[in-house]
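Residue-level listing of the chains:
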Amino acid sequence: MKLSKSIFHFLSLALILSMIMMSCDENPAIVTQQDLLPEAFGVDIPSSISDQTLLGGRTEADTLSGNQVYQHMNTFIAIGEGASDIVESIILAIRVHNIESLQVLSYQSDDDGRIKNMEVLENVEHEGITWEHQLTITDADSEANADGGKAMQVFWSSNPIKGIAIIKPFNIDRLHEAGAGEAIYRVDYSESGELGYDSHMEVSISNLPLADPTIDQYSMQTLRMFAGRKGDVVDVYGNSNHPNAKFFTEDMGFNWAFTASGSHASDVGAAEVGLPPSDLNNTNRTTLLEDYSIKNVFTRQIRTAWPSATQSMIDAYLHNTDAPGYFDGNGFMSAGMSPGAGWGALATRLKALTPYNPLDISNMVVTFK
C-alpha cells in the first residue's frame, strides 16, 4: 500500500515555519520567554508502534507477513506524531522571537516570496475556552478568499499547558506546497490530565488530495489519531480513511482503524487493526476491531474471490492477522499469542481503547476559527 506523497510534505513544515519566523525583520529585539510558553506540544510515541522502517514477521510466499499487516498502522501513527513535532517547532519560534508581545506585523516569506500578515491576540475565546494567546498568520493576497487566506492559527495557555494548532500548508508556502490543495491539519495538546493521562494529543488531518486510483488506490483523505502518555506507556487509537481502497474484491472504501499501546522503557508494543467500510456508522469496539478485523475482512473477501480456497489455505495465508499483534524495537514479533508478561500488560490496555466512528472520520473537515 502506498501513501499520497502530499502527506510527507507536512513533515517538512517544521523547517518552513521556523524560516517564516526568522524572516520577520520587523520583530523587536529577541527576548527569550522560557517560562511563558510550553516546552512540549505533543506526545512522544514509542518506536515499536510508530517506526515506519521496522522489519519482521513471517515472509513465506503463502503467508501474509506481519510487517505487511501492521506497517501502515506504524506509518499513520508516525504521521500524526510528525504533525505534533511541527507544532513544537512553531512554539519554539514563538518563544525565541517573543512574538506574543506583538499585535500585528507583515513580512515577506522567504519560502514563496508572498506577503504574510501575523496577528497576536490575548485572552481569546475559542470552542468554549478562553486562551491566553492566539496567533494567526494569513497569506495577505488571499484574505478575500473563502478561507480568509489563513495559513496557521495557534491557541495556547500555560497553566495548565493546553493548546490547539491549525495549519493549511498551501497558504504557508504556495511554491512548495501547491499540491497540498485544501488540506488542513490540527493538533490538540494538553497536560491538564482531564483524560487520566499525564499528557495527551489529538491529531486531525482532512482534505488530503487523493491520488489517481490507477496509480495509488490506497491514498489517504483524512486521519484522526489520539495519543495519551501515562508514565512511560503511550496509548494510541485512531482511523485513516482511504475511499478508493480495494483488496481482493470490488468492495471499495475502507477506514484503517487501529489501537496500540507501547512502552518507552522496554520498547515493546501491542496493536489491533480493523478495516471497517468508510461509510460504516458505528462506535462499537467489537464491531470495528473484531467483526471488521483484518482477518475477518480478508477471510470474507478471499472466499468471495476464490471460492475454491480451503479454510486451511486461508488460515495459513492469514496466520499473522490474529489479534493482537506484538512488537519490539526490531518490529513485528508474533500474532495472537503474547511473547511475555510485558506485552500482555499492553494487550490488556488495548481493551479500553476504541477507534473513532468510521463515517465521522470519512466526513471530517478541519476548519480554522
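Higher on the page you've got the structure.
The rules behind each value
- Residues numbered from 1 in each chain as written.
- Predicted model: local features only at pLDDT ≥ 70, side-chain atom pairs only at ≥ 80, totals over all residues.
- Heavy atoms only, no water.
- Buried < 20%, exposed > 50% of the residue type's maximum accessible area, 1.4 Å probe, protein only.
- Helix = DSSP H or I, 4+ residues; strand = E, 2+ residues; numbered from the N terminus.
- Arc of directions from axis to C-beta.
- Contact = heavy atoms within 4.5 Å.
- Expected span 1.5 Å × (residues − 1).
- Phe/Tyr/Trp six-rings, centres within 6.5 Å; stacked < 30°, edge-to-face > 60°.
- Lys NZ or Arg CZ within 6 Å of the ring centre and 35° of its normal.
- Core = buried A, V, L, I, M, F, W, Y, C linked by side-chain atoms within 4.5 Å.
- Pairing = 2+ DSSP bridges.
- Polar contact = N/O pair within 3.5 Å; in protein donor to acceptor, adjacent residues only side chain to side chain.
- Salt bridge = Lys/Arg side-chain N within 4 Å of Asp/Glu carboxyl O.

Undergrad: Can you walk me through helix 9 (residues 341-350) in this structure?
TA: Owing to its 3.6 residues per turn, the α-helix aligns residues three or four sequence positions apart on the same side. Considered for burial, the residues of helix 9 that qualify are Trp343, Leu346, Ala347 and Leu350. Buried residues of helix 9 fall within an arc of 105 degrees about the axis and therefore sit on the same side. With respect to the buried face of helix 9, the exposed residues turned more than 90 degrees away are Ala341 and Thr348. Buried-residue contacts for helix 9 involve strand 9 (233-242), strand 10 (254-263), strand 11 (268-274), helix 6 (285-291), strand 12 (325-328) and strand 13 (331-335).

Undergrad: Can you walk me through helix 7 (residues 294-305) in this structure?
TA: Here helix 7 spans 16 Å end to end across 12 residues, near enough to the 16 Å set by a 1.5 Å rise per residue. Taken together, the buried positions of helix 7 are occupied by Ile294, Val297, Phe298, Thr299, Gln301 and Ile302.

Undergrad: Help me understand the packing of aromatic side chains in this model?
TA: Two aromatic rings, taken as a pair, are described by how far apart their centres are and by the angle between their planes. Scanning all chains against the criterion turns up 11 aromatic pairs. Seen in terms of ring centroids, Trp131 and Phe155 are 6.5 Å apart; in terms of plane orientation they differ by 45 degrees. Their pairing is tilted. Here Trp131, found in strand 3 (residues 129-139), pairs with Phe155, found in strand 4 (residues 150-158); they are 24 residues apart in sequence, far enough to count as distant. Phe155 gets classed as buried once you look at its relative accessible area, which sits at 0%. By the ring-pair criterion, three or more aromatic residues cluster together here, those being Tyr218, Phe247, Phe248, Phe254, Phe298, Trp306 and Tyr317. Over the ring of Tyr356 we find Arg224, and its NZ or CZ is 4.5 Å from the ring centre. Across the ring face of Tyr292, the terminal group of Arg300 is positioned such that the distance to the ring centre comes to 5.6 Å.

Undergrad: What should I look at first to understand the nonpolar core in this one?
TA: One broad rule of soluble globular proteins: the nonpolar side chains tend to lie buried together. Counting residues in hydrophobic clusters, the biggest one holds 57 residues, and the most contacted among them are Ile45, Met73, Val236 and Phe258. Top contributing element to this core by residue count: helix 4 (residues 66-97), with 7 residues. Residues Phe226, Tyr237, Ala270 and Tyr326 belong to the second largest nonpolar core, which totals 14 residues.

Undergrad: Before we go on, may I ask you to explain the environment of Thr299 in this structure?
TA: Among the structural elements, Thr299 can be located in helix 7. Expressed as a C-alpha distance, the spacing of Thr299 and Phe248, which sit 51 residues apart in the sequence, is 9.7 Å.

Undergrad: I keep staring at the pairing of strand 7 (residues 199-206) and nothing clicks. Help me out?
TA: Note on strand geometry: in a regular strand, side chains alternate between the two faces of the sheet. The buried fraction of strand 7 is high, at 8 of 8 residues. Here strand 7 shows no split at all, with Ser199, Met201, Val203 and Ile205 on one side and His200, Glu202, Ser204 and Ser206 on the other all buried. The pairing of strand 6 (residues 184-190) with strand 7 spans 7 bridges and is antiparallel. Bridging across to strand 7, Tyr185 finds its partner in Ile205.

Undergrad: Even after reading the chapter, I still don't get the pairing of strand 13, so can you show me in this structure?
TA: Of all 5 residues in strand 13, 4 are buried, a share of seventy percent or more. Direction of pairing for strand 12 relative to strand 13: antiparallel, over a ladder of 4 bridges. Note on strand 13: the bridge partner recorded for Asp328 is Gly331. In sequence, strand 12 turns back onto strand 13 through a hairpin of 2 residues.

Undergrad: How should I be thinking about the side chain of Asn239 in this particular structure?
TA: Here Asn239 shows up in strand 9. Of note is the side chain of Asn239, whose polar atom sits 3.2 Å from the side chain of Asn255. Each residue touching Asn239, except ones within four places of it in the same chain, is listed here: Thr222, Leu223, Arg224, Asn255, Trp256, Ala257, Phe258, Pro355, Tyr356, Asn357, Pro358 and Ile361.

Undergrad: Would you explain the pattern of salt bridges in this entry?
TA: Two side chains of opposite charge can pair, provided their charged atoms sit close to one another. This model, assessed by the stated rule, comprises 17 salt bridges. Close ionic contact of Lys116 with Asp112 constitutes a salt bridge, the shortest N to O distance being 3.0 Å. Judged by relative accessible area, Asp112 falls into the buried class, the value being 15%. Across the salt bridge formed by Glu250 and Lys246, the nearest N and O atoms sit 2.8 Å from each other. Residues participating in the shared-partner salt-bridge network are Asp112, Arg114, Lys116, Asp139 and Arg174.

Undergrad: Teacher, can you tell me more about unusual backbone geometry here?
TA: Note: most residues except glycine have negative phi, and most peptide bonds are trans. For the bond from Asn159 to Pro160, the omega torsion is -5 degrees, close enough to zero to count as cis. Note on placement: Pro160 falls in the loop between strand 4 and strand 5 (161-167). Cis geometry is found at the peptide bond from Ala323 to Pro324, where omega equals -5 degrees. Mapping Pro324 onto the fold places it in the loop between helix 8 (311-317) and strand 12. Positive phi, normally seen in glycine, also occurs at Asp267, with a value near 50 degrees. If you trace the backbone, Asp267 turns up in the loop between strand 10 and strand 11. By relative accessible area, Asp267 is classed as partly exposed at 24%.

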